[in-house]
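Given next are the chains, with one letter for each unit.
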Amino acid sequence: MSLLCNTGDWFTLGQGNAFRKIELYTMDWPASINLDNMTIHAAPYGGPIAVVKDPKSFIKLDGGSSARPVIRVFNCVGKLMSSINWDCGNLVALGWSDCEELVGVQDDGTIFIHDMFGNFVHKFSVGKDVADVVAAKIFASASGTGVAVMTSGFKIYILNNIKDPKSRPLSDLLNITSALSAWEVVCKDRTTSCLLAMGNEITVVRLGDNAFAAHNVAMKSEYKSIALMSVSFDHQHVALLTNTGCVWMGSSDLKQKYAEFATGRQDKPIHLAWCIDGTTQVESQAVIVAYMSLILIIGTTGESSVYTYDSPMTLIPEMDCVRVLTSSCHELIQKVPLSTSKIFGINISEPASFLFEAHRKFQERSHQSDEYLCLIQGKLSAAVADCVEAAGHEFDPNTQKSLIRAAYFGKSFISDYNSTEYIRMCKTLKVLNVLRDRNVAIPITIQQFNHLQPVVILDRLVFRKHYSLSIHIAKYLRLQETRILEHWAFQKIALDKNEDEVARKIEAKFSSADLLEPMSFANVAEKAQQLGKTKLAITLLEREKKKKLQVPLLLKLGASEKALKAATESGDIDLIYMALLEMKNTTALAKFHMTIRNYSLAQSLYKKYCQLNSLSTLKDIHSQEDDFLAQAELGLREALALGNLDASIPDIGGNYRRAGKAAEAELADETKRLLKHQKTLQDKYHRDFFGLPLHALVRQLLQLGDLRYAEKLKSEFRMPERRFCWLRVRTLAENYQWEELERFARAKKSAIGYEPFVELCLQQRNVAEAKKYLPRCAEENKLKWYLRAGCYADAANIAFVQKDIDSLLKIHDHCTNADPALLATVENMIGQLSSKK
């Protein structure tokens, strides 16, 4: 026994399989939108709807190009959200990703991603060799949203995740011809495969397969080709429509046939879609065929039902239903849920139906209420559960209230009833009704709501900028409001020009959020910094409680003193060092020292830093601690810096000896002897030699021509022969003592080779002198130095002997405007070497 209060749009497709059609909204399309010549691409789970003019109806302009399309994005009641002027290439396919981003595929293989408000996100290419796409499919894969494209050469490339675009072609062994009439993508068990219909056969191709099996789908009536193909939302079922109007329904692997139905229509349908209920029962599924003015709903049992429309319609498959979108209305077709059929079904004698009727009689103050309750003694808990579940499947708030009140009425007679599910359903219904409201227009079912989870629903509301509603729902469901508040703050920063007011509003909103953990200002401040609002970013960061987030951003914004203060307050040594070093690099030294004096911990850590980087600062500290080694090192560095080695070296050597460092003490003694030589030379030549290292002192003597004293220093301080030789050659060349340089070269074999002789002569622009030493250069370097000396004829001969065509080509370039005879000789050499290859 049940009420027939909402069964007017029910219809049956086989025994026990009742379906229903629910009107969701009347549409408010703009007057300029005519869906008759438009293609509609709707996102699942009540997502946005993209409308674009059908390319087949484009008017060809002069030059053979077509008008650029304008993509308009609407919500589910037809309210315009954004427009995209598509000024790129030719659009092949449109679709939506799992995060409600619009995916557009062009004929050149480029994929564009936009958000629902028309803002460009990013783009990428399917592949370098993909440039002539004629068809594309956008599908849901196990790893995200995928794209499959087909080129004009019938080659298919599959990309399983647009967030990580790595495309792979189907096997090159696959031979697809122009007989291809339909194709679909199936993602099952983390494997992506393609169903290719050619003639009366279907080939199933998986990535990596090299062998393919053609399936001949058996039907009672003969057919020549498959006109349409549709895979269910869960990729478990496939429907085929032949050229004769016959529909075949079966599993997506084509191994199981459910039913076959002859539509009796020869015209090609607009859409073909599965209407599933989210269960594995084959009998519960149906296929919807949409024609120009009617839809045909076919059950897997072979029964059908027809609905007529005044205008063309678009089918939007969902995980548990199909939405029908027309120019005037937005409807939903689904299998009647079991709990609903137990209450409102015809000739039903279920406990839930009796409970619902008992509550109705109770409201009428009829004694029959008690009689109905007596009929379900011992089954009251199941009846209450069915009423609660049925309420969740309803779209009409009045029906929801009736069912919830019936459940409330029934649970009052159960002493140990657990109200958890009842309370959860009441909260869920409130959220669902708000989402389905015309002002929000997200018409999801409770099954979709549970699948997405409230966190994802909140994210989608935030992306639609329903901040107040999102926060209310989050509080109602006791979920974190962090992401909602951050997104709201981002919009405030981007749009509001009064920075002081923005900071005040953000602080007030964050402070009043009543969260378990305080809101972080770091992400919001970073967003302000990215938008060039440095002052606002610093103001927001001063309110940040987490120092590890606050200090790096303050340093990045140039507020180093504020960063140092925050770091010392945290007591985190790493943060203090970070602030100290950054402040030291960006602040005047005097101001830096004055500033850190105000922070004792920072000053102590700076002294430790100076121990590694600025030892002179710690001289007094080490003197007090009798650290002789440190004193010696500090004294040496200070003496070198001040040029006071003459006076300091005895103390430095003494400290090294006290520290037990004999080698260092000996070096100090050598330094003392070197200083003595410098004093002697200073008195002799009346020039300043003080503080010069041995290398510079020897060079000065060679410049003065005092070879004997230079050799004396070389011997006493054991200067390497190569270094002394190099100094001698450089000094002679810089003083233009060419004859002396030649005698030095002939005196004995050079310890540094003869390349330095050539190089120094060339530096002094004496090519003639350099040529004297070219023959004595090492064989592997001769060509290089002949080229640098401009001896192109000799260089050409060497390159020819070495069979170095590249060098000959360089010589040829240098000789272009030179001696024609030499140019001819070089060309001849190049020709000879080229002919031998």
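Thresholds applied
- Residues numbered from 1 in each chain as written.
- Predicted model: local features only at pLDDT ≥ 70, side-chain atom pairs only at ≥ 80, totals over all residues.
- Heavy atoms only, no water.
- Helix = DSSP H or I, 4+ residues; strand = E, 2+ residues; numbered from the N terminus.
- Rg over C-alpha atoms; globule rule 2.2 N^0.38 Å.
- Buried < 20%, exposed > 50% of the residue type's maximum accessible area, 1.4 Å probe, protein only.
- Contact = heavy atoms within 4.5 Å.
- Areas by Shrake-Rupley, 256 points an atom, 1.4 Å probe, with all protein chains shown as cover.
- Lys, Arg positive; Asp, Glu negative; His and termini not counted.
- Charge placed at Lys NZ, Arg CZ, Asp CG, Glu CD.
- Phe/Tyr/Trp six-rings, centres within 6.5 Å; stacked < 30°, edge-to-face > 60°.
- Salt bridge = Lys/Arg side-chain N within 4 Å of Asp/Glu carboxyl O.
- Pairing = 2+ DSSP bridges.
- Axes fitted to C-alpha atoms, helices over the stretch in contact; angles between N-to-C directions.
- Core = buried A, V, L, I, M, F, W, Y, C linked by side-chain atoms within 4.5 Å.
- Parallel < 35°, antiparallel > 145°, perpendicular 65-115°, else oblique.
- Left-handed = near helix turned anticlockwise from the far one by under 90°.
- Expected span 1.5 Å × (residues − 1).
- Bend = angle between axes of the 7 residues up to and from the residue.
- Arc of directions from axis to C-beta.
- pLDDT = per-residue confidence, 0-100.
- Polar contact = N/O pair within 3.5 Å; in protein donor to acceptor, adjacent residues only side chain to side chain.

A. The arrangement of the overall build of the chain in detail. When helices and strands are tallied, the chain shows 31 helices and 29 strands. A compact globule built from 837 residues would reach a C-alpha radius of gyration of about 28 Å, whereas the chain, at 44 Å, exceeds it by more than 25%. Reported as C-alpha extents along the three principal axes, the dimensions of the chain are approximately 135 × 80 × 50 Å. Here the chain, with 837 residues, has 48% of them falling under the buried criterion. Look at the contacts in the chain between residues 6 or more apart in sequence, and 47% of them connect residues 24 or more apart. As displayed, the chain has an accessible area near 42,100 Å², and 49% of this comes from carbon and sulfur atoms. Of note, the chain has its 101 positive side-chain charges centred 5 Å away from the centre of its 96 negative side-chain charges.

B. Region of the structure containing the packing of aromatic side chains. Under the defined criterion, the tally for this structure stands at 13 aromatic pairs. Judged by centre distance (4.9 Å) and plane angle (35 degrees), the ring pair of F362 and F409 falls under tilted. Residue F362 is located in helix 2 (residues 351–363), and its partner F409 is located in helix 5 (residues 397–411); the two are separated by 47 residues in the primary sequence. The class of F409 is buried, set by a relative accessible area of 9%.

C. Layout of the pattern of salt bridges. The full count for this structure, using the stated rule, is 21 salt bridges. E101 is the partner of K163 in a salt bridge, and the nearest nitrogen-oxygen pair spans 3.1 Å. One end of the pair, K163, is in the loop between strand 13 (156–159) and strand 14 (167–169); the other, E101, is in the loop between strand 7 (91–96) and strand 8 (102–106), and 62 residues separate them in sequence. If you follow the salt bridges from partner to partner, you end up with E357, R360, K361 and E364 in one network.

D. Just the pairing of strand 20 (residues 237–242), in detail. With 6 of 6 residues buried, strand 20 is to be regarded as a mostly interior element. Both faces of strand 20 are covered, namely the face carrying H237, A239 and L241 and the face carrying V238, L240 and T242. Here strand 19 (residues 226–231) hands over to strand 20 after 5 residues, with H235 in that stretch at a positive phi of 60 degrees. Pairing of strand 20 with strand 21 (residues 246–251) involves 5 bridges; the strand directions are antiparallel. For A239, the partnering residue across the bridge sits in strand 21 and is M249. Counted along the chain from strand 20 to the antiparallel partner strand 21, the turn is 3 residues long, and its residue G245 has a positive phi close to 85 degrees.

E. Local environment of the sheet that holds strand 28 (residues 322–325). With respect to topology, 5 strands assemble into an open sheet ordered 1-2-29-28-27, the strand pairing being antiparallel. Looking at strand neighbours, the two that pair on one side only are strand 1 (10–12) and strand 27 (314–317), the edges of this open sheet. When the angles between neighbouring strand axes are averaged without regard to direction, this sheet yields 25 degrees.

F. View of the sheet that holds strand 10 (residues 120–125). One open sheet holds the 4 strands; their spatial order is 7-8-9-10, and the pairing between them is antiparallel. Looking along the sheet, the strands with just one partner apiece sit at the ends: strand 7 and strand 10. Between one strand axis and the next, the sheet turns through 20 degrees on average, direction left out of account. The pairing of strand 7 with strand 8 spans 5 bridges and is antiparallel. When the bridges of strand 8 are listed, G95 appears paired with V103.

G. Representation of the nonpolar core. In this structure, L355, L435, I506, L540 and L580 are the most contacted members of the largest nonpolar core, which totals 93 residues. Each residue touching L580, except ones within four places of it in the same chain, is listed here: L564, F592, I596, A602, L605 and Y606. In this structure, L741, L762, A796 and A799 belong to the second largest nonpolar core, which totals 38 residues.

H. Main features of the packing of helix 4 (residues 380–393) against helix 6 (residues 420–436). Contact geometry for helix 4 and helix 6: axes closest at 9 Å, N-to-C directions at 10 degrees. What the angle tells us is that helix 4 and helix 6 run roughly parallel. The chirality of how helix 4 crosses helix 6 is left-handed. Facing helix 4, whose interface residues are V388, E389, A391 and G392, helix 6 presents E421, Y422, M425, L429, L432 and R436.

I. Structural detail: the packing of helix 15 (residues 573–586) against helix 16 (residues 589–596). Running from N to C, helix 15 and helix 16 cross one another at 150 degrees; their axes reach a closest spacing of 8 Å. Judged on the interaxial angle alone, helix 16 and helix 15 are roughly antiparallel. Between helix 15 and helix 16 the crossing geometry is right-handed. Residues L580, M583 and K584 of helix 15 form the contact with helix 16, whose participating residues are F592, T595 and I596.

J. Quick look at helix 7 (residues 446–463). Across its 18 residues, helix 7 extends only 21 Å between first and last C-alpha, which sits more than 12% below the 26 Å expected from 1.5 Å per residue. Where helix 7 bends most, at Q453, the angle is about 90 degrees, and the proline P454 comes one to four residues later. Buried residues along helix 7 sit against helix 4, helix 6, helix 8 (467–476) and helix 9 (482–495). One or two positions beyond helix 7, positive phi appears at K465, with a value near 70 degrees.

K. Spatial organisation of the environment of T314. Following the sequence through the fold, T314 ends up in strand 27. Spatially, the C-alpha atoms of T314 and T300 are 22 Å apart, while their sequence positions differ by 14 residues. T314 has contacts with I40, H271, R323, V324 and L325, leaving out every residue within four places of it along the chain.

L. How the structure looks around helix 29 (residues 792–802). Taken as a whole, helix 29 has its buried residues at A795, A796, I798 and A799. Viewed end-on, helix 29 has its buried residues packed into an arc of 165 degrees, placing them on one side of the element. Within two residues after helix 29, K803 carries a phi angle of roughly 55 degrees, on the positive side.

M. Spatial organisation of the environment of A513. Residue position: A513 is located in the loop between helix 10 (499–511) and helix 11 (522–530). For A513, a relative accessible area of 4% gives the class buried. C-alpha separation for the pair A513 and I471, spaced 42 residues apart in sequence, amounts to 9.1 Å. Among residues more than four places away in sequence, those in contact with A513 are K475, E481 and L485.

N. Expanded view of unusual backbone geometry. Non-glycine residue E100 carries a positive phi angle of around 60 degrees. Checked against the element boundaries, E100 lands in the loop between strand 7 and strand 8. Phi at R365 is positive, roughly 60 degrees, even though this residue is not glycine. Structurally, R365 can be placed in the loop between helix 2 and helix 3 (368–375). Accessibility expressed as a relative area gives 79% for R365, which makes it exposed.

O. Structural detail: the confidence of the model for the chain. Taken residue by residue, the chain gives an average pLDDT of 84. The fraction at 70 or more is 92%. Taken as a whole, residues 61–65 scores under 50 in pLDDT and shows 2 contacts with residues more than four places along the chain or in a different chain.

P. A look at the side chain of E101. Judged by relative accessible area, E101 falls into the buried class, the value being 13%. Among the polar contacts made by the side chain of E101, one reaches the side chain of K163 at a distance of 3.1 Å. Beyond its immediate sequence surroundings of up to four residues, E101 is in contact with G95, W96, I113, H114, V121 and K163.

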